Amino acid sequence: MFTDFLYVLRNYGMKTSFNEWNSLMDALELNLNEASLTEFYYMARALLVKRESDYDRFDQAFLEYFKEVKTVEELPKELLDWLSRAHEQTPYDKAEVDARFEGLSLEEIRRMMEERLKEQKEQHHGGNKWIGTGGTSAFGHSGYSPKGIRVGGPGRNRSALQVAEARNYRDFRDDSVLQIRQFQVALKKLRLLSCREDGPKSELNVEKTIEKTCDQGGRLELVMERPRKNQTKLLLLMDSGGSMWSYAELCSRLFQAVNQASHFKDLKIYYFHNCFYDYLFTTPSCSWKDKISTEWVLYNLKEEYKVILVGDGAMAPSELLYRGGSLDYFHSNDQTGLYWLETLKQRFPSAVWLNPIRESHWDYTYGSYTIGLIRERIPMFPLTAAGLEAGVAVLKKGETGL
Amino acid sequence: MLQFHGSETYIASDELIRSVNIAAALRKPLLIKGEPGTGKTMLAEAIAKSLGMELLIWNIKSTTRAQDGLYVYDTVQRLYDSQFGAEGVDDIGKYIRLGKLGEAFKREEQTVLLIDEIDKADLEFPNDLLWELDKMEFYIPETGETVKAKVRPIVIITSNAEKELPDAFLRRCIFHYIAFPDAPMMERIVKAHYPELEQKLIDSVLEAFYRIREMRGLQKKPSTSEVLDWIQALAIGGIEPERLEKEIPFAGVLLKKTEDLQQAEQLTKGQLRQTERRYVY
């Protein structure tokens, strides 16, 4: 069953599973594509693609698999089989065919189709595409299969390959939106439930209800309570410096997961470049106009904030240890980076550092010295789903002393 | 086989019609994603109307649990009733209230079930519905009853992509992304809603609309529902089509954020300045 198409899809990074492939086979069995390749394109897309960011991958895979097919004969045998079955299956079609093409064998019709295909190629295309814009697909040969393709107004006449080739969904390709779910699930565990002071009492406390009802000698007395709400406040500090660019995609996933997590009571995100000093920044570009005083952040956010730092921690030792060691030539720092790191740790006892560098490399990669210094002060975890989960577990405990 | 073709007021693209029909034929839920205002919810209404079926809507909120869609056992009512010796307290079935999914299963005729904005609910919500949507049945332990769909409803699920949906769930759905309509498509949509509108006004409205939509840095792009509102506002206000080239009347109908409005203002001013400059030369 031209299974290699499935593998082409998977090669392009789609996670098409056997279940979905089976559904496609079912659909073909029902002849939902009405024996047309254009319909097959849309049908396969609806069944196999599950997010708009994958549309482009599908288009590419479809092109690769079907572009070599220049004549009807080169089509995968199975598709051809379906084609030949289509006219036998539906009595309506057969009647139509019989009426118009009485005495023609399938072979002859197929040959006619090929001829027409060639004609179209010359007239409308001139290229090497095997289906023209003339409004019929290879299989929707006019008159042969009235149900083949009902083509009408403009924009409808495009063949499957042309649609695929247009790659209309290229802009939707956003690899970073993938797999944020794992991060989201890990972040969900970061919750600290406690009763709110305000809000309606809308939850039934069963234990207390039983107790009260017994006290009343069996007359029902309901005890309602205020539901518990997550009280976690999160402060996210992200390194957006040059060395982090290679991890941009990974960080953006984490960023989206954090941003979409609606269960935090408060969320603050600031950026820094390699190491932070007197100022943090409100935008990833770390431009000077978006600065915010680190001191202001430290003293305006209460200590109950949980802190997640994201950065590779790899820098020149001077950036962490020297006054004036800041990478920014024009804005020298009065205190060392290490000082600020320790101040942060004192203010927010519950803090972890997530590092996109692979854990096994921490000890000998470039910057292993500074990574080590940071690790002595703030627990460090790799920026992976598992690492985040471990980090969240540590954050939940409260104080993250080493 | 039932065939959906769009309706008088709901103009669907061919691709969307294909997806709906595939989903109906394969008896799988259809998951619809797309920008807000592209008519995701309207689709279910249009399908129900054009196929002559009843529409059941299950609106998902952040607090909705999967269980709510199946049934709710009203224990409190039962406890109260038992106090006063009301009739039929021993019949648990009386206190089982079916949710929207349960209702759809119980109907004799096929229905269209819309699960609206599934991404609003908890992360695990879609996973809790896998079996029910697959097998179209669920079990009520309180009464020992299995509710099984007599006729499988056509299930339409919409999502605004606020949360990623789990893979296991996605695998069971037919997926369709409603792309933002292009100008000819939009013209058909506008005409379906306002058949008497002059062509000249439609042309200038759409021209202005796509100009605004393509402005860079818009926080919230105006969508189909907004352009329809805008046309109504323009018609009521009696605005001449020519005015749209110079300014954007009732911009507040199109743009909902203060920053966006300011930007639109600057855009029109910028164009005026260009015309002035032309006079200088």
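Computed from a predicted model, the values in this text were never measured in an experiment.

Brief notes about the overall build of chain A
Move 1: When its secondary structure is counted, chain A shows 16 helices and 11 strands.
Move 2: Counting only residues that meet the buried cut, chain A has 35% of its 402 residues in that class.
Move 3: Sequence separation of at least 24 residues holds for 69% of the intrachain contacts in chain A that already meet a minimum separation of 6.

Thoughts on the overall build of chain B
Move 1: Counting secondary structure elements, chain B contains 13 helices and 9 strands.
Move 2: Relative to its 281 residues, chain B shows a buried fraction of 32%.
Move 3: Contacts spanning at least 24 positions in sequence make up 74% of the contacts within chain B whose residues lie at least 6 apart.

Looking at the packing of helix 3 (residues 37-48) of chain A against helix 1 (residues 14-26) of chain B
Move 1: One way to put it is that helix 3 of chain A packs onto helix 1 of chain B with a least axis distance of 10 Å and a crossing angle of 65°. Of the two elements, helix 3 of chain A crosses helix 1 of chain B, and the hand of that crossing is right-handed. Residues Glu-39, Tyr-42, Met-43 and Ala-46 of chain A of helix 3 of chain A form the contact with helix 1 of chain B, whose participating residues are Glu-15, Arg-18, Ser-19 and Ile-22 of chain B.
Move 2: Here the contact of helix 3 of chain A with helix 1 of chain B is built from residues that sort into 4 nonpolar, 1 polar and 3 charged.

Section: the nonpolar core
Move 1: Core analysis: the largest hydrophobic core is formed by 70 residues, its most contacted members being Met-43 of chain A together with Leu-30, Ile-47, Leu-113, Ile-156, Ile-157 and Ile-174 of chain B.
Move 2: No other element matches the 9 residues that helix 3 of chain A contributes to this core.
Move 3: Every residue in contact with Met-43 of chain A, bar those within four places of it in the chain, is listed here: Ala-27, Leu-32 and Asn-33 of chain A together with Arg-18 and Ile-22 of chain B.

Remarks on the interface of chain B and chain A
Move 1: Facing the 23 residues of chain B at the interface are 27 residues of chain A.
Move 2: Going through the elements one at a time, helix 1, helix 4 (75-83), helix 8 (167-171) and strand 9 (174-178) of chain B are the ones with two or more residues in the side of chain B that touches chain A.
Move 3: The element best represented in the side of chain B that touches chain A is helix 1 of chain B, accounting for 7 residues.

A few points about unusual backbone geometry
Move 1: The residue Arg-27 of chain B is not glycine, and still its phi comes out positive at about 55°.
Move 2: Turning to its location among the elements, Arg-27 of chain B is positioned in the loop between helix 1 and strand 1 (30-34).

Some points on the sheet that holds strand 1 of chain B
By definition, the strands of a sheet pair up through backbone hydrogen bonds, in either a parallel or an antiparallel sense.
Residues and elements named next belong to chain B.
Move 1: Spatially, 2-5-8-1-9 is the arrangement adopted by the 5 strands of the open sheet, whose pairing is parallel. Looking at which strands have only one partner, the edges of the open sheet turn out to be strand 2 (54-59) and strand 9. Between one strand axis and the next, the sheet turns by 20° as a mean value, whatever way the strands run.

Notes on the pairing of strand 8 (residues 154-159) of chain B
Two faces, one strand: in a regular strand the side chains alternate between the faces of the sheet.
Residues and elements named next belong to chain B.
Move 1: Most of strand 8 sits out of view: 6 of its 6 residues are buried.
Move 2: Neither face of strand 8 is left uncovered, since the one carrying Ile-154, Ile-156 and Thr-158 and the one carrying Val-155, Ile-157 and Ser-159 both have all their residues buried.
Move 3: Two strands pair when backbone bridges link them, and strand 1 and strand 8 are joined in this way by 4 bridges, in the parallel orientation. Residue Lys-33 lies in a different strand from strand 8, and its bridge partner there is Ser-159.
Move 4: Inspection of the sheet shows strand 5 (residues 111-116) paired to strand 8 by 4 bridges, in the parallel sense. Paired with Ile-115 across the two strands is Ile-157, which belongs to strand 8.

Describing the confidence of the model for chain A
Residues and elements named next belong to chain A.
Move 1: With 66% of its residues at a pLDDT of 70 or more, chain A has an overall mean of 71.
Move 2: Element-level pLDDT for chain A is lowest in helix 6 (residues 91-100), with a mean of 45, against a maximum mean of 90 in strand 10 (residues 351-355).
Move 3: A low-confidence stretch, residues 120-158 stays under pLDDT 50, and its non-local contacts, those more than four residues away or across chains, total 72 contacts.
Move 4: Across residues 173-178, where pLDDT falls below 50, the model places 11 contacts with residues more than four positions away in sequence or in other chains.

A word on the pairing of strand 9 (residues 306-310) of chain A
All names here are of chain A.
Move 1: Taking burial as the measure, the 5 residues of strand 9 include 5 buried ones, the bulk of the element.
Move 2: On strand 9, burial covers both faces: Lys-306, Ile-308 and Val-310 on one face and Val-307 and Leu-309 on the other are all buried.
Move 3: With 5 bridges connecting them, strand 5 (residues 233-239) and strand 9 associate as parallel partners. Its bridge partner lying in strand 9, Leu-234 is registered against Lys-306.
Move 4: In this structure, strand 9 lies alongside strand 10, joined through 4 bridges in parallel fashion. By the bridge assignment, Leu-309 is partnered in strand 10 with Trp-353.

Points about helix 1 of chain B
Move 1: Relative to the 18 Å expected for 13 residues at 1.5 Å per residue, helix 1 of chain B spans 18 Å between its end C-alpha atoms, a close match to the ideal helical length.
Move 2: Along helix 1 of chain B, the positions that sit buried rather than exposed are Leu-16, Arg-18, Ser-19, Val-20, Ile-22, Ala-23 and Ala-24 of chain B.
Move 3: Considering only its buried residues, helix 1 of chain B is in contact with helix 2 (18-29) and helix 3 of chain A together with strand 1, helix 2 (40-51), strand 8 and strand 9 of chain B.
Move 4: Directly after helix 1 of chain B, the chain includes Arg-27 of chain B, whose backbone phi takes a positive value near 55°.

What about the packing of helix 14 (residues 337-347) of chain A against helix 15 (residues 368-377) of chain A?
Residue and element names in this part refer to chain A.
Move 1: With their axes 10 Å apart at the nearest point, helix 14 and helix 15 run at an angle of 25° to one another. Overall, the two elements helix 14 and helix 15 adopt an arrangement that is roughly parallel. Handedness of the helix 14/helix 15 crossing: right-handed. Between helix 14 and helix 15, the contacting residues are Leu-338, Leu-341, Glu-342 and Lys-345 on the first element and Leu-373, Ile-374 and Arg-377 on the second.
Move 2: Class assignment of the residues belonging to the contact of helix 14 with helix 15 gives a composition of 4 nonpolar, no polar and 3 charged.

Regarding helix 11 (residues 224-237) of chain B
All names here are of chain B.
Move 1: The terminal C-alpha atoms of helix 11 lie 20 Å apart, and with 14 residues this matches the ideal 20 Å at 1.5 Å per residue to within 8%.
Move 2: Taken together, the buried positions of helix 11 are occupied by Thr-224, Glu-226, Val-227, Trp-230, Ile-231 and Leu-234. The buried residues of helix 11 occupy an angular sector of 155° when projected down its axis, which confines them to one face.
Move 3: Contact partners of the buried residues in helix 11: helix 9 (183-193), helix 10 (199-213) and helix 12 (251-254).

Quick look at the confidence of the model for chain B
All names here are of chain B.
Move 1: With 93% of its residues at a pLDDT of at least 70, chain B reaches an overall mean of 83.
Move 2: Highest mean pLDDT in chain B belongs to strand 2 (94); lowest belongs to helix 13 (residues 258-280) (61).
Move 3: Low confidence marks residues 274-281, where pLDDT is under 50. Its contacts with residues over four positions away, or in another chain, come to 0 contacts.
Move 4: On the interface metric, ipTM, the complex scores 0.74, and its pTM is 0.62.

Thresholds, definitions, all that
- Residues numbered from 1 in each chain as written.
- Chains lettered and ligands numbered in written order.
- Predicted model: local features only at pLDDT ≥ 70, side-chain atom pairs only at ≥ 80, totals over all residues.
- Helix = DSSP H or I, 4+ residues; strand = E, 2+ residues; numbered from the N terminus.
- Buried ≥ 20, exposed ≤ 12 C-beta atoms within 10 Å, placed from the backbone.
- Contact = placed C-beta atoms within 7 Å.
- Axes fitted to C-alpha atoms, helices over the stretch in contact; angles between N-to-C directions.
- Left-handed = near helix turned anticlockwise from the far one by under 90°.
- Nonpolar A, V, L, I, M, F, W, Y, C, P; charged D, E, K, R; others polar.
- Core = buried A, V, L, I, M, F, W, Y, C linked by C-beta atoms within 7 Å.
- Pairing = 2+ DSSP bridges.
- pLDDT = per-residue confidence, 0-100.
- Expected span 1.5 Å × (residues − 1).
- Parallel < 35°, antiparallel > 145°, perpendicular 65-115°, else oblique.
- Arc of directions from axis to C-beta.

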